[in-house]
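Survey of secondary and tertiary structure
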Amino acid sequence: HASGDAYWISQHQTIMKQIILIAFVLLCQFAGTEAVAQDVQRITFSEVVDIAMDRSTAIRASGFNVDLQSARVQSAKGDFLPNLNAGIQPSANFGLTFDQNSLQLVNKTSYFSNVGLSSSLNLFRGFGDVASLKQARHSFEAADFTMDRTKQDVLQEAIINFLLVVQDRENVKIQEENVKSQQQLLERIEEFTRVGTRPVSDLYTQQANTAQAELDHLNAER
């Protein structure tokens with residue numbers, strides 16, 4: 001009698017676990033249906049690459065760095081060129097001035113402008129400017145190389161992700177076939193159980209297997 005009670009308790013626990021699993025599958029199926037209802041944009045591999053290259057923040061940052069290093073190279077080259085400085089300095093005088101015609105002191109304001117123009121040329125600075133130019137060029141080459149490397153990394157990641165999507169789609173098809181197979185087996189076991197040729201425990205086990213297959217299918221779709 002004790003062994004019979006233990007058997008029925010075990011069967012009851014198994015049934016409760018199956019009910020919980022089936023309820024979870026139905027909930028996931030409802031959520032999956034809501035997700036599938038949304039619009040899906042299908043893109044080709046070339047479009048994937050274009051989007052990845054255009055929207056990559058890493059590539060943009062590398063491009064900005066290349067522009068910055070290029071500007072530094074131009075600045076270092078400019079140190080070898082002559083410069084030209086021009087300036088104008090206005091001034092004014094206020095005060096009494098003796099007028100020769102009227103022989104009187106009159107208030108008079110005088111305005112002046114001083115214009116200056118200068119130029120200089122770098123002849124020798126102890127090779128410091130040469131070293132600065134070489135360093136700027138090396139930094140530009142390194143930035144350009146880094147940008148090419150970043151583009152390769154982004155392209156590789158796009159290829160891997162695209163292939164993963166293709167693989168996942170094939171996995172969805174496999175899981176669909178598995179669900180159909182488990183459902184067909186469940187129907188046969190239900191019939192065998194109904195006529196008494198298979199125990200009820202086999203039916204419960206197959207129900208759990210079918211629910212697990214449906215759950216695997218939903219996970220594959222996500």
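See the structure above.
My aim in this report is to walk through the structure given alongside it, one point at a time. Being a predicted model, the structure only gives us computed values, none of them experimental.

Re the nonpolar core
V48, A52, I59, V66, A143, M147, V154 and A158 form the largest nonpolar core, which has eight residues in total. Of all the secondary-structure elements, those providing two or more residues to this core are α2 (45–55), α3 (57–78) and α4 (128–195). Per element, the largest residue contribution to this core is four residues, and it comes from α4. The contact partners of A158, leaving out residues within four places of it in the chain, are V48 and A52.

Thoughts on the environment of T205
Topologically, T205 is positioned in helix α5 (residues 200–221). When its relative accessible area of 44% is taken as the criterion, T205 is described as partly exposed.

Some points on the side chain of Q182
For Q182, the position within the fold is in helix α4. Taking the relative accessible area as the measure of exposure, Q182 reaches 18% and is therefore buried. Sequence-distant contacts of Q182, that is, excluding residues within four places in its chain, are made with Q206, N209, T210 and A213.

What to know about the pattern of salt bridges
Counting across every chain of the model gives four salt bridges. For D153, the salt bridge is made with R149, and the minimal N-O distance between the two is 3.6 Å. Note that D153 and R149 are positioned in helix α4 at a spacing of four residues, about one turn of the helix. Using a relative accessible area of 34% as the deciding quantity, one classes D153 as partly exposed. With a shortest N-O distance of 2.4 Å, R194 and E191 are connected by a salt bridge. Taken as a pair, R194 and E191 lie in helix α4 at a separation of three residues, close to a single helical turn. A relative accessible area of 61% means that R194 is categorised as exposed.

Calculation rules
- Here, residues in each chain are numbered from 1, in the same order as that chain's written sequence.
- Per-residue local features of the predicted model are confined to residues with pLDDT of at least 70, and side-chain atom pairs are confined, for both listing and counting, to 80 or more; whole-chain, interface and lining totals are unaffected and use all residues.
- Think of the side-chain values as coming from all heavy atoms in the structure, minus any hydrogens and water.
- Buried Ala, Val, Leu, Ile, Met, Phe, Trp, Tyr and Cys residues form a nonpolar core when they are joined through side-chain atoms within 4.5 Å.
- For every residue, the accessible area (1.4 Å probe, protein chains only) is compared with the maximum for its type, and the residue is labelled buried under 20%, exposed over 50%, or partly exposed between those bounds.
- Only DSSP runs of H or I reaching four residues or more are called helices, and only runs of E reaching two or more are called strands; each is numbered from the N terminus.
- A contact between two residues is defined here by any heavy atoms of the two lying within 4.5 Å.
- Each reported salt bridge corresponds to a side-chain nitrogen of Lys or Arg within 4 Å of a carboxyl oxygen of Asp or Glu.

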